[in-house]
Every structure is written in structure tokens, then in C-alpha cells.
Amino acid sequence: MHGATSPPIELSVVAGGMPGTITRRDGWRHLAGFTALAVPDTPHLDAWLQGQLVVAAVDGDDRVVAATGLQFAGVIDERFATQRPLGVVWRGGVPDVHVWAPTARRVRLLRYDPADRDQPREIVAMTNDRGVWSVSGAPSWDRDLYRYEVEVYAPDTDRIETNLVTDPWSLSLAADSTHSQIVRLEDADLLPHAWDPPAKPTTTRQRGMVVYELHVRDFSIGDVSVPPRHRGRYGAFSCDDTTGVQHLRGLADAGVTHLHLLPTFDFATVPDREADRVSPSIEPPDDPASERPRTIQQAGRDHDGFNWGYDPWHWTVPEGSYASDPDGVTRILEFRQMVRAINRTGLRVVVDVVYNHTHAAGQDPASVLDRLVPGYHHRLDADGRVETSSCCPNTATEHAMTARLVVDSVLTWARAYRVDGFRFDLMGHHPRSLMVRIRAALDALTSDADGVVGRDIVLYGEGWEFGEVAGDARFVQATQRNLGGTGIGSFDDRLRDAVRGGSPFTELRTQGFATGAGVDPNETDTDGPAVRADRARRLADLVRLGLAGSLAEYRFETADGRIRAGRDLVHDDAPAGYTAAPMEQVAYVSAHDNETLFDAVQAKLPLSTPMAQRVRAHNLALSVVAFAQGTPFFHAGSDLLRSKSLDRDSYASGDWFNRLDLTGRTSNWGVGLPPDHGEPERDDVVRMLLRALPAPTAGDIARCRDHLREVLRVRRSSPRFGLPDAAAVRAQLRFHATGPDAPPGVVAMSLTGGRSSADELVVVFNASLASWSLIGEGGVAAGGWELHPMLRSSTDEVVRTATYDARSHRFAVPARTTAVFVRPAPLAGSATDR
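Residues numbered from 1 in each chain as written. Predicted model: local features only at pLDDT ≥ 70, side-chain atom pairs only at ≥ 80, totals over all residues. Heavy atoms only, no water.

A. Spatial organisation of the overall build of the protein. Secondary structure summary: the protein contains 21 helices and 35 strands in total. Here the C-alpha atoms of the protein give a radius of gyration of 29 Å, agreeing with the 28 Å that 2.2 N^0.38 yields for 834 residues. For the protein, the spread of C-alpha atoms along the three principal axes comes to 95 × 65 × 60 Å. Relative to its full complement of 834 residues, the protein shows a buried share of 59%. Nonlocal contacts in the protein, meaning residues at least 24 apart in sequence, comprise 72% of its contacts between residues at least 6 apart. With an accessible surface of roughly 31600 Å², the protein has 51% of that area assigned to carbon and sulfur atoms. Each charge sign in the protein was given a centre, from 90 positive and 110 negative side chains, and these centres are 6 Å apart. (Helix = DSSP H or I, 4+ residues; strand = E, 2+ residues; numbered from the N terminus. Rg over C-alpha atoms; globule rule 2.2 N^0.38 Å. Buried < 20%, exposed > 50% of the residue type's maximum accessible area, 1.4 Å probe, protein only. Contact = heavy atoms within 4.5 Å. Areas by Shrake-Rupley, 256 points an atom, 1.4 Å probe, with all protein chains shown as cover. Lys, Arg positive; Asp, Glu negative; His and termini not counted. Charge placed at Lys NZ, Arg CZ, Asp CG, Glu CD.)

This is the structure in C-alpha cells:
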């Protein structure tokens, strides 16, 4: 029906149910087995989509016995999906404005003077052509603000709504995202000095990438070496010789290649203007588990300057709260200046993108997509409710025009802002086909045509599988198990959990390879020695697989004595090995999510463990990541024993719990009980730990900083730590002392068998409490081995004692130490060099 006056249309049942031509398409698998009803040909279909439609079942007396509403997305895609330009499009100096709103009854453009945004200076009717509403402007419109007035039926309210809404294709915004802005990104005043040609650090693409993950505000909000006007903002990255910039240069010099920035698009949970924010005053507590800091911080959490930013409002505009002036184009220029400044430190820039959900849906004032095309852009359940498995309204990127918006956004960030990579939040909620399409679109970008080399742009993300799309329920997902062979990276939770112990969903004190499992049981471990040893060996198998890039087809002897492939090992009821190439693994042990690595080490080791041993366990965990075949990924501050006072979800915990001290003086341990996440039993454990354990000293922090830089230099010194493909890993990487008799807490590997004996390596990770010796065996030639030069001059006196004895062919490595041994390059012209 269309309104109350339209006559009913009789539908016919389709024999065999929903046709396979529909259910085999991305987005519609879940409809398999449903009854299908056919609509007769009618010239009124497009008009019907502008109002309420109801399907009713009637009995022989025409009495309604059942009724339901309809979801239109599939029909909208078939009738209105388009590749026509959208947003502000320039013809010479004239802006045209286009918006996709196929179910709208009327759309008008409201144009505003930036100095008076309450009353429009002009209201212009837009014309509709197959769902795209357009208006031609004038040169004088440049830098004006605008909104759309959209008259549209909204299923949420079951009525025709007149919405004032910003543009999903916005490229600039007023403060607090109240209005879109007409802008031409190529304008000279929006380009930094020396923007063309782009001066980028050299890259080996995804294969040679090492990532450091950082939050823009964390980077500088507490850095007194940064001028106050730049603290917590884009501008801090352009301030030479500050503590933060020097830290980034030191990381780049050691071997970090990419700086990953947490969300920098326009997000909804921080007021753009500093004057509109609260700044809680918190004093360091006498009690490290005091509740006072969290009480003060949480009282203003929705109005302070901190949030991770995983709550998108406009996907393709830089966040305003990080700009010196959030009103208009300043954020565009300053974001570009930030990218250029980071590139000058020797690092490329990865941006964290969140296309899997929006901050709001329905008629919420922060809802953009749903107030333009209600019921289309978000994924709905069978009853028409928006799915929220991501904790926010999930977008339906399986729909053609939502996917189009994502692709357009990615290409804009690549071309206009010259970012060097994208990290996709909850990537598994997107179709695999969309991620492959994005990869292809980026690969097509060229320096001559687009100002960037698209093949140098990296892609990785969270390949988790859960929610309404799990099991490829609606489409083939971009999950770990489905991305093999695409060249797109995904985070390796198998390695993370094995090294740290437990998972984000298990008991806090569960131990892992680096935190004492099987070799240094904490107070919660009541198992016997045999059970502990078996568990330690199984964890070590997952560590080995992670060091091999989590390759599905990599084979080695496992704890049960069998030779098994990575895909045959199990992690959380799923195959542990999932990649087809090492570059598809993102190896990590900490990120912004969950407890920091240092907090995990504090929680999991026995309470009596001295701080020096805690630092060694922490450093050993970092070295596993550094020497993995995939992409090493490090959380900002993991090189400084960073703590969040055991906060496991600090997205809105303010500057107090998220403090990052790049001077290396403090770690932020014991600054109070972290915010309440509804886990009273866990709070009791956290209180005990905060009160029982001391904070590390500046000397402890320096040892951690030096360690990461040393192991990164070791990694950079040898191409064997970044083998090009699975075949090379299978041929050159071998593990030793494996199987049911493997020593708990020890992993040893060699990288040998290449074209030359030069650059061969033996690496031993000894997480146990005693020095351990490895007798060289098949695949490790006797003689000539020595500790890596970087480690021979290490600031760590312990690793310098690691030795190789040529007479016994024995490698000896101290407790809680990672040692790398090399064979010096042979003289030129020798047989082994040919």
C-alpha cells in the first residue's frame, strides 16, 4: 500500500521459495528458505518506496490475519544504485551539489553564511534523477555551509519526517558537525608547503612494515615540550625537537615504518571546541587503588577532550577537536601538515577507519545516513531493528551505495590526504568482496594521475567473526579465515593470547608463554607440574605458528609429537593457522584495546616477582612480535612499560588513565582504580594488584625502550625476518626442541637454507627461569655462530652473556631472554657465497 488510499495489490507465491539468484548474492544469504512473493509489474513501484508498505495475509472473508512491514534495500539497490558523482562536485569554479536519497519525496539545499548558521541565506529546490538529487551552484557558494532538508518516510516513527541533515559525502564541516561545507580540497590555501611532489619514506609495502599505534591526543596532551596551543592536536606532530617527535624519530631510526593513528575522522563523542569541554582536576592518590580518580574522571567523561573515536559521524572529514580551529577548513590543512610532518620523521601514516558502524541511527540528531535514506544504510534484523553487535548501529556495507560511500571515502583519504594505509575496525563485519574491491581501487592509483602510488598503501584490520554475520551468514566475510590470499592483513589473536595468556574474555591472571605459564605459576594456578608443562608446550606451539606468520600450511612438530599444519592447530574452536602469506598476519601482543602489555605482565606473574624480572618478561613478549614473519605491531608506550592502571577498556577513561609519558619517567601504574566496567569481582583483583605491586622506575622504563629499539634493529638487519612468501617460510624457517619432550617456556628457531650461508640466524626465546642450552641439530650448520652484533653491545648485560660453543655445537641463553645468533658473512668469492 502507498498511504491509506492506495488499493491493495495481490501477490503471488514463487514456487521453490527465494530464488538462488538472490540468496547467492552478498547480503542476502540469510533469506535462503524463506517464502518468496512476486509483485506484479507496476509503474508505481518507485512511488511506493516513498511511503509505508505493508504485506498482509487475509482469509476468505478478506479479514487481515497477519501483517508485516517491508525492508527495501535490495529493491533500492536494483533500481537506484549509481556511480554518478555525489557530494560537492566542481565544474571549473562552479560547485554542483548531489545527494543520493531515492526514497525522499522532496529535497532542498539550505545554504548558510559561515558567520550566520542559524538562518539560511538561501533555500534551493533540488531536482531528482533516478534517486540523485542535484542543484547547480555559483562560484560565490565556495566555503558556504549547507544542509539538506529531506522529506522522507521514516519506518522508525511511521510517518513522513522533514529532516535537516548534513551530507554523508561531506569534505568539510562546521564545528560540532552541525553543517557541511562547500570546499574544493585542491585549493592552494589548504595545501601545506612542499606538498607536491609528496616526500615519502621508502617502503617495502606490507612485507616490510613495522607499525606503532598511537592516539593523537595521547601523543602530546601531557608533553610540556609542546607549545600549549598544539597539545592534543594535529599541530603537535609539526613541532620539531619536542619529546614526542624525538621519540618517533628514534623509533623510525630503529626500524618502525608506519605510525598507526587511532580514529582521526569526524567522531561524535568529543565537543569540538575546547571551551565546551570539561577538564577534570585529579591529584595523584596516596592509595594506588583509590576510587577518587575514577569518580572524578567519569563524572565528566561525556564532556572531556578524550575518546578513542570509534563512533563515526562523518567518515571523510578530519576530526575537529584535534584542530586549532574546528570551524571549517583549518582541520583539512592541519591534517595534511600532520601527515607531511610524520613522513618527515621517517614514518608513513596509517589511519584507523570505522565503516562497520555509525554513532547513531534513526532520527537521532547525529544520524546522517538513516535520516537521508531510512532503513537502507544499516543492517536490520528480521523484525526491522538495526543490528548492534558492534555495540553501535551496524552499517550494511553489503548494500551497493553504502559500499560505494566506503570506497569513495577510502580513495579520498588516499588521494587528498596522502595517507599510507588503512586499519579497518571490525573488518569481519564487511564482505570480503568489498575489501578486495578496495584493494583493487587503491592499486589503480598512480603518482601521475592521483599523486600517490596506490600499491604502496597498506590494508589490515580486525578479522574477528561474531554477530549476525558470523559464519558467512549474509555474505563471505572479511575474516581471518577468508582473507588468505588477498594480501590484506588481519590481527593475530592466536599469538597475542599465547604470549600474554588467556584472552580478553578470560580470567585476568591466566598466564601465557611470556608470563610464566608452566615455568613460574602464579597464585591462581593449582594444577600439577605435568598439566602445567603440557599447557606450556601447547602455548609454545601457538607461539611457533605466530613466528611463522600463522601460515595455514606451515608444518612442524607439535606438543603431541605429530607433524601438523597450522590450520590443524586450534585456537578458540577455530583453526589457528589462517594466512596464505606471512604479510597477511599482524603480529601483536597489545593494542589500544584491553590491558596494556605491562599491565598484563603485572597481573599474570607471581606477586613476588621482582620488577627486573617483570621487565624481562615484558621485553621477551615484545621480541616475539619483533621477530615474527608477519607485520610487527606495537601499541604506543609498550616500549615504555605503559600502564593504564589495569583499565581494560579505556575508550572514555580520559587523559588520567590513558596518560602516555614519552619522557620515560613514569609508566602510569597505580594511579587509581580504573573506571567501573560492571565487573565487581575483577575490581577486587585489580585493587589487590595495584596495592601489592610497585611501579617501575625510570631505569626500568629505559631498559624496555632500549630493548625494543635493539630488537627492531636486529630485525631490520636481516631480510630473513621478512620472508617474501609462504614457500620461503616453509623452506627457511625451522623450529627446534619441539614435541612432547620440548622444554616448557622455550622456543628456538633457525632461519637457514637460503642461497648463501651469510645472514643465517638462530633465535632462542627463553621464557623460563633458568639458563637453557640448545644443541645444534639438522639444518643448523656447526661452527661460526656468534651473538648478533647489536646484542653484543646491548644495554642489557644479561643478553650479552648468551653464548655459542663451537666444540659442543651448543647455544646457551639466559633466563627470560631472547638471543639472536648469526653466522658472519663469508669472504667474497668463497664457495658458500656463490
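B. Main features of the environment of Ala 692. Inspection of the secondary structure puts Ala 692 in helix 18 (residues 680-692). Taking relative accessible area as the criterion, Ala 692 reaches 42% and is therefore assigned partly exposed. A C-alpha to C-alpha distance of 64 Å links Ala 692 and Trp 90, two positions 602 residues apart in sequence.

C. Up close: a nonpolar patch on the surface. A cluster of nonpolar residues, Ile 9, Leu 11, Val 13, Leu 37 and Val 39, forms a patch on the protein surface that exposes about 410 Å² of accessible area. Structurally, Val 39 can be placed in the loop between strand 2 (37-38) and helix 2 (45-48). (Patch = residues over 30% accessible without salt bridge, like charges linked within 9 Å, V, L, I, M, F, W, Y side chains within 5 Å. Salt bridge = Lys/Arg side-chain N within 4 Å of Asp/Glu carboxyl O.)

D. Representation of the pattern of salt bridges in the model. For the structure on display, the rule yields 74 salt bridges. The partner of Asp 525 in a salt bridge is Arg 532, and the shortest N-O contact between them spans 3.4 Å. Take Asp 525 and Arg 532: they sit in the same class, and that class is buried. Linked through salt bridges whose partners overlap, the residues forming this network are Arg 111, Asp 113, Arg 121, Glu 122 and Asp 144.

E. Local environment of the sheet that holds strand 30 (residues 761-766). Spatially, 28-29-30-35-32 is the arrangement adopted by the five strands of the open sheet, whose pairing is antiparallel. Two strands bound the open sheet, and with one partner strand each, they are strand 28 (733-736) and strand 32 (786-787). (Pairing = 2+ DSSP bridges.)

F. Representation of the packing of aromatic side chains within the structure. Counted under the stated rule, the structure contains 27 aromatic pairs. Residues Phe 267 and Tyr 322 carry aromatic rings whose centres are separated by 6.0 Å and whose planes lie at 70 degrees to one another, so their mutual orientation is edge-to-face. Taken together, the positions of Phe 267 in strand 16 (residues 265-267) and Tyr 322 in the loop between strand 17 (312-318) and helix 7 (330-344) put the pair 55 residues apart, joining distant regions of the chain. For the pair formed by Phe 267 and Tyr 322, the shared burial category is buried. (Phe/Tyr/Trp six-rings, centres within 6.5 Å; stacked < 30°, edge-to-face > 60°.)

G. Just the sheet that holds strand 5 (residues 87-91), in detail. Here we have four strands laid out as an open sheet, ordered 5-6-10-9, and antiparallel in their pairing. Both edges of this open sheet fall to strand 5 and strand 9 (127-129), since each of them pairs with a single strand only. Taking the axes of each pair of neighbouring strands and ignoring which way they run, one obtains an average angle of 30 degrees across the sheet. Where strand 6 (residues 94-100) meets strand 10 (residues 132-136), five bridges bridge the pair, whose relative direction is antiparallel. Across the sheet, residue Trp 100 finds its bridge partner in strand 10, namely Val 132. (Axes fitted to C-alpha atoms, helices over the stretch in contact; angles between N-to-C directions.)

H. Representation of the packing of helix 7 against helix 9 (residues 400-417). One can describe the packing of helix 7 onto helix 9 by two numbers: an axis separation of 11 Å at closest approach and a directional angle of 70 degrees. Between helix 7 and helix 9, the crossing angle belongs to the class labelled roughly perpendicular. Only Trp 413, Ala 416 and Tyr 417 of helix 9 make contact with helix 7, whose side of the interface consists of Ile 332, Phe 335, Arg 336 and Val 339. Among the residues making up the contact of helix 7 with helix 9, the classes are represented as six nonpolar, no polar and one charged. (Parallel < 35°, antiparallel > 145°, perpendicular 65-115°, else oblique. Nonpolar A, V, L, I, M, F, W, Y, C, P; charged D, E, K, R; others polar.)

I. Quick look at helix 15 (residues 597-604). Among the eight residues that make up helix 15, eight are buried, leaving the element largely enclosed by the rest of the structure. By the burial criterion, the buried members of helix 15 are Leu 597, Phe 598, Asp 599, Ala 600, Val 601, Gln 602, Ala 603 and Lys 604. Residues of helix 15 that are buried make contact with helix 13 (493-500), helix 16 (611-626) and helix 18.

J. A look at the side chain of His 98. In this fold, His 98 is placed in strand 6. Judged by its relative accessible area of 15%, His 98 falls in the buried class. There is a polar contact of 2.7 Å between the side chain of His 98 and the side chain of Ser 134. Residues in contact with His 98, not counting those within four places in the same chain, are Pro 85, Leu 86, Gly 87, Val 89, Val 132, Trp 133, Ser 134, Tyr 148 and Asp 167. (Polar contact = N/O pair within 3.5 Å; in protein donor to acceptor, adjacent residues only side chain to side chain.)

K. Highlighting the side chain of Arg 500. Its location among the elements puts Arg 500 in helix 13. Judged by its relative accessible area of 8%, Arg 500 falls in the buried class. At 2.8 Å, the side chain of Arg 500 and the backbone oxygen of Val 589 are in polar contact. Of note is the side chain of Arg 500, whose polar atom sits 3.0 Å from the backbone oxygen of Glu 595. Those residues in contact with Arg 500 that lie beyond four places of it in its chain are Thr 510, Gln 511, Gly 512, Thr 515, Val 589, Ser 590, Glu 595, Thr 596, Leu 597, Ala 600 and Lys 604.

These results come straight from atomic positions and should not be treated as a statement about function.
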